[in-house]
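Examining the three-dimensional arrangement
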Amino acid sequence: MTSLSALQQRAQEDPQGFWADAAAAIDWHRPWETVLSRDNAPLFRWFEGGELNTCYNAVDRHVEAGFGDQVAIHYDSPVTGSAYGITYAELQAQVARLAGALKAQGVTKGDRVVIYMPMVPETVYAMLACARLGAIHSVVFGGFAAAELATRIDDAKPKLVLSASCGVEPSGVVAYKPLLDQALSLASHGVERCLILQRPQCEASLQAGRDLDWHAAQQGVTPADCVPVSATDPLYILYTSGTTGTPKGVVRDNGGHAVALAWSMKAIYDIDAGDTFWAASDVGWVVGHSYIVYGPLLARATTVLYEGKPVGTPDPGAFWRVIEQYRVKSFFTAPTAIRAIKREDPQTEYLGRYNLDCLKALYLAGERCDPDTLNWAMETLRVPVIDHWWQTETGWAICANLMGVEPLPVKAGSPARAVPGYQVEVLDEEGQAVAAGKSGAIAIRLPLPPGTLPTLWGNDQRYIDSYLSRYPGYYLTGDAGYQDEEGYLYIMSRIDDIINVAGHRLSTGRFEEVLAQHPAVAEVAVIGVADKLKGQLPLGLVVLKSGVEMAEGALYQELIALVRKEIGPVAAFKLVSVINKLPKTRSGKILRGTMRKIADNKEYAVPATIEDPAALDLVHNTLVRMGYGKGRVPV
Ligand code: COA
Ligand code: AMP
């Protein structure tokens, strides 16, 4: 086995050779001409000139190699009481038929298709069917509201939308179709056709001339073959929160993505062909794209598609039941899920009911993992618990403990060291690397490895401005932290206004935009405050327009409902208070950073540029009243 340091060195000194070797795991329709093209730096392209099809690599080639009978997907849905396996041969047939239906509707290479669906196998078929045709999918998480879906439709301009009548949440059935209808009426981009999967829990009404029934649309169509695409052609667009209210369309290419994910399955997760891997996330997030769908299938592993929660479906033993039932070897979830289980099963009574001998490691990502949670998981599961750090933009881990290469000692609170291919540095304001132990902005030296974003959809300039301009020659992650003497990184906070709620990344700017729509609101600031279960929660402070007289309770209900309607239930917005004045600089900038420090009980300096120091006391008192920011005083 190659040592970690040898791999690191090779990836740094000879990235082209390193990734060309890794690319041998993928079947190419035409080999690449250049492993890494720097012609358009700071925008880089991997495997230029190469052609492949991602669906072929994830499905068809395994069937051709004689593994058609292997289970590709275990679908397990405690919320609907159903569970079944889908073999690679069945997956191929389903995907080819759906791709045939999309083709019959005029979808061709390069067209965009928006997918707004719950955690059902048809969602995976939909993603792969797009990949099969060279169409670009954009999956929108089901917990987002109509307005968020509309923004994404307007940016991606899809020819077609794939959706379902409903999602099933523990709280009840969530009708998706009315949300889709509303989004389509809000969007300025006209969508020609929608394919709707009718689920038995809730029947959707179809709009004649626009909506087709999912299954009816597939009747009599010719199954479609895989269309070779350029390695640099987009496979998908996935929207993620930026610092403004407008989400960023992260682009993923075909070639670099397939190579990086296939490599990561063994190196990071120690998964070989035939093993079972489970990422308990949602296909609407990057974790779902990379490690429910593409990564495991590219590696010919078996993946688990779980439509349920860590607790309540039906109990905190749900994850352990699934691991035992499908013999999961490597399991991936968010720290929030472990905190939820720990809260409901502190004595591990439910855990004790299952035989987890098959489980070799637990992987956590999506948010900072507090040492208590990590240690609890490690003590109870008795396997290594691997915190690893990444982002929608990178598509796979930046820092991780490589279990398939050379496991390092686990240090609670750290996602370990940079993965080969990434050169991570902690920089000061001037862009100088800081000494070990000192905090700074975390940046990655360009070029980023394959699989990471080549750009933002239709907006190279926004990509350059948001990520590449702050420190020339580097990609700005937006995270801040430090590295210890042994190169272990510690991710401590964000340098921008992004918050992380239950592993879901949300923009405080978007919350502010929505709250400002309320007729009573003159000004608003939203910050993230610490939460024991979800890591962070959004908290809004609103200044009312003069003359507004409204009972506070009623106003709060309206504001909470407004956020739920505009952003969606996933926003988990419940904390809001009226305040007489927001703290600002003399030039009018709201002092959100100082407010965050007050909420987090950190020491803060009163900025010299403050317009009215008393406004900080107001924030302090309001937060204390709401149960946050107790006890600290300014230094
Ligand atoms: N479609 C529609 N609504 C959805 C949804 C979906 N796909 N996913 C979540 N929602 C809704 C929920 O029903 C809930 O609505 P409610 O306010 O009416 O109850 C709301 O969005 C918030 O959901 P959630 O974040 O799941 O919080 P919760 O309080 O219901 O559950 C946990 C708490 C800890 C169980 C849950 O947050 C969890 O499973 N976290 C793990 C996070 C994770 O896997 N993240 C992936 C990143 S790797
Ligand atoms: P997302 O793009 O939604 O996956 O969110 C990415 C962001 O989540 C990162 O930039 C971090 O702020 C945070 N994050 C993800 N994984 C970790 C981790 N292991 N430790 C700390 N923060 C993390």
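Scroll up for the structure.
Residue indices follow the written sequence of each chain, beginning from 1 at its first position. To label them, take the chains in the order written and letter them from A, then take the ligands in the order written and number them from 1. pLDDT decides what is reported in this predicted model: residues at 70 or higher carry local features, side-chain atom pairs at 80 or more are listed and counted, and totals for whole chains, interfaces and linings draw on all residues regardless. Excluding hydrogens and water, the side-chain figures rest on all heavy atoms present in the structure.

**Regarding the site of ligand 1**
We call a residue near a molecule or strand as soon as one heavy atom of that residue lies within 4 Å of the molecule or strand. The environment of ligand 1 is made up of 22 residues, and the closest members are Glu169, Tyr176, Lys309, Lys534 and Arg564. Taking alanine 502, its main chain carries an N or O atom lying 3.5 Å from a nitrogen atom of ligand 1. Per-residue and other accessible areas were derived by the Shrake-Rupley procedure at a 1.4 Å probe size, with only the shown protein chains allowed to occlude residues. When the free accessible area of ligand 1 is taken as 940 Å², the share hidden by the protein chains comes to 82%. All amino acids are sorted into three groups, where Ala, Val, Leu, Ile, Met, Phe, Trp, Tyr, Cys and Pro are nonpolar, Asp, Glu, Lys and Arg are charged, and the leftover types, Gly among them, are polar. Among the residues making up the shell around ligand 1, the classes are represented as ten nonpolar, seven polar and five charged. Residue-level mapping places the shell around ligand 1 at the junction of two domains, with at least three residues from each of domain 1 (18–267) and domain 2 (502–625). By the criterion applied in these results, polar contacts are pairs of N or O atoms within 3.5 Å in which, for protein atoms, one can donate a hydrogen and the other can accept it, and in which residues neighboring in sequence qualify only through two side-chain atoms. The split into domains, and so the bounds of each, comes from an automatic or database assignment of domains.

**Description of unusual backbone geometry**
Across the junction of alanine 41 and proline 42, the peptide omega takes the value 10 degrees, indicating a cis bond. Runs of H or I in DSSP of at least four residues are treated as helices and runs of E of at least two as strands, each being numbered from the N terminus. Position of proline 42 relative to the elements: it lies in the loop between strand 1 (34–37) and strand 2 (45–48). Threonine 313 connects to proline 314 through a cis peptide bond whose omega is 0 degrees. By the secondary structure assignment, proline 314 is in the loop between strand 17 (302–306) and helix 10 (318–326). Positive phi, close to 55 degrees, is recorded for arginine 327, a residue that is not glycine. The class for arginine 327 is partly exposed, based on a relative accessible area of 48%. Relative accessibility under 20% of the residue-type maximum defines a buried residue, over 50% an exposed one, and the middle range a partly exposed one, all with a 1.4 Å probe and only protein chains included.

**Observations regarding helix 3 (residues 54–67)**
Here the bend at each residue means the angle between axes fitted to two seven-residue stretches, the one ending at that residue and the one beginning there. Of all the bends in helix 3, the greatest, near 40 degrees, is centred on aspartate 60. Whether two residues are in contact is decided by their heavy atoms, any of which lying within 4.5 Å being enough. Those residues of helix 3 hidden inside the fold are in contact with strand 3 (51–52), helix 4 (88–104), helix 5 (121–133), strand 14 (234–240) and helix 9 (286–298). Capping the start of helix 3, asparagine 53 holds a side-chain oxygen 2.8 Å from the backbone nitrogen of cysteine 55, two or three residues further along.

**Observations regarding the packing of aromatic side chains**
Only Phe, Tyr and Trp rings are paired, with Trp represented by its six-membered ring, and only when their centres lie within 6.5 Å; those with planes under 30 degrees apart are stacked, over 60 edge-to-face, the remainder tilted. Within the structure shown, the criterion is met by 34 aromatic pairs. The interplanar angle of 70 degrees and the centroid separation of 5.1 Å between the aromatic rings of tryptophan 32 and phenylalanine 47 together place this pair among those described as edge-to-face. Residue tryptophan 32 is located in the loop between helix 2 (15–22) and strand 1, and its partner phenylalanine 47 is located in strand 2; the two are separated by 15 residues in the primary sequence. On the basis of relative accessibility, which here comes to 23%, the residue tryptophan 32 falls in the partly exposed class. Between tyrosine 482 and tyrosine 490, the ring centres sit 4.8 Å apart and the planes meet at 5 degrees, which makes this aromatic pair stacked. Relative accessible area serves as the criterion here: at 24%, tyrosine 482 is assigned to the partly exposed category. Grouping aromatic residues by their ring pairs yields a cluster made of Tyr269, Phe277, Tyr291, Phe332, Tyr363 and Trp390. Throughout this description, the term charge over a ring refers to an Arg CZ or Lys NZ atom that lies within 6 Å of the ring centre and within 35 degrees of the ring normal. Above the ring of tyrosine 350, the side-chain terminus of arginine 353 is found at 4.2 Å from the ring centroid. Here the guanidinium or amino end of lysine 411 rests over the ring plane of tyrosine 488, the centre of that ring lying 4.2 Å away.

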